[in-house]
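Residue strings, one per chain:
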Amino acid sequence: MGSSRAPKTASPLQVAKAVFWSFLGIRRRAEHESDAAQLKVAHVIVAGIIGAAIFVLTLVLLVRFIVGRAA
């Protein structure tokens, strides 16, 4: 009668996409609800740390490039 399927888990690309849009603060309600059903907390935390590290490293490299050009 009722099928008891395990909820589908998100792929790494879907996790990265969800974290990226969360950084920007732009999410649709339907996408948010879909992500809430598929994403695991540990995956989101790891992706968030990686995304933050990439963001900070990009800013550091950009500042070094600009300051290096000005000197």
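This one's a predicted model, so the numbers in the text were calculated from it and none came from an experiment.

**Student:** Whenever I open this one, the overall build of the protein confuses me. Can you help?
**Tutor:** Within the protein, the secondary structure is distributed over three helices and zero strands. When its helices and strands are written in sequence order, the protein yields α-α-α. Here the protein holds 71 residues, and the buried ones make up 11% of them. Accessible surface for the protein amounts to roughly 6,200 Å². Of this, 69% is attributable to carbon and sulfur atoms.

**Student:** In this structure, what is going on with helix H1 (residues 12–24)? I would like to understand it.
**Tutor:** Because the α-helix completes a turn every 3.6 residues, residues three or four places apart line up on one side. For H1, spanning 13 residues, the distance from its first C-alpha to its last is 19 Å, which sits close to the expected 18 Å at 1.5 Å a residue. Residues Val-15, Ala-18 and Val-19 constitute the buried set of H1. Considered in projection along H1, the buried side chains sweep an arc of 95° and stay on one side of the axis. Contacts from the buried residues of H1 go to helix H2 (29–38) and helix H3 (41–70). Looking one or two residues beyond H1, the residue adopting positive phi is Gly-25, at roughly 80°.

**Student:** Explain the packing of aromatic side chains to me, please; I cannot follow it from the model alone.
**Tutor:** Aromatic rings considered in pairs are described by the distance between their centres and by the relative angle of their planes. Enumeration according to the criterion identifies one aromatic pair in this entry. Relative to Trp-21, the ring of Phe-20 lies with its centre 5.3 Å away and its plane at 70°, an arrangement referred to as edge-to-face.

**Student:** In this structure, what is going on with the environment of His-43? I would like to understand it.
**Tutor:** Turning to its location among the elements, His-43 is positioned in helix H3. For His-43 and Val-15, which are 28 residues apart along the polypeptide, the C-alpha to C-alpha distance reads 7.1 Å.

**Student:** Could you clarify how one ought to interpret the side chain of Gln-38 in this entry?
**Tutor:** Checked against the element boundaries, Gln-38 lands in helix H2. Classification of Gln-38 by relative accessible area gives buried; the value is 19%. Discounting chain neighbours no more than four positions away, the residues touching Gln-38 are Lys-8, Thr-9, Ala-10 and Gln-14.

**Student:** What exactly am I supposed to notice about the confidence of the model for the protein here?
**Tutor:** For the protein, per-residue confidence averages 85 on the pLDDT scale, and 89% of positions sit at 70 or higher. Per-residue pLDDT, averaged within each element of the protein, yields its smallest value for H2 (80) and its largest for H3 (93).

Calculation rules
- Residues numbered from 1 in each chain as written.
- Predicted model: local features only at pLDDT ≥ 70, side-chain atom pairs only at ≥ 80, totals over all residues.
- Heavy atoms only, no water.
- Helix = DSSP H or I, 4+ residues; strand = E, 2+ residues; numbered from the N terminus.
- Buried < 20%, exposed > 50% of the residue type's maximum accessible area, 1.4 Å probe, protein only.
- Areas by Shrake-Rupley, 256 points an atom, 1.4 Å probe, with all protein chains shown as cover.
- Expected span 1.5 Å × (residues − 1).
- Arc of directions from axis to C-beta.
- Contact = heavy atoms within 4.5 Å.
- Phe/Tyr/Trp six-rings, centres within 6.5 Å; stacked < 30°, edge-to-face > 60°.
- pLDDT = per-residue confidence, 0-100.

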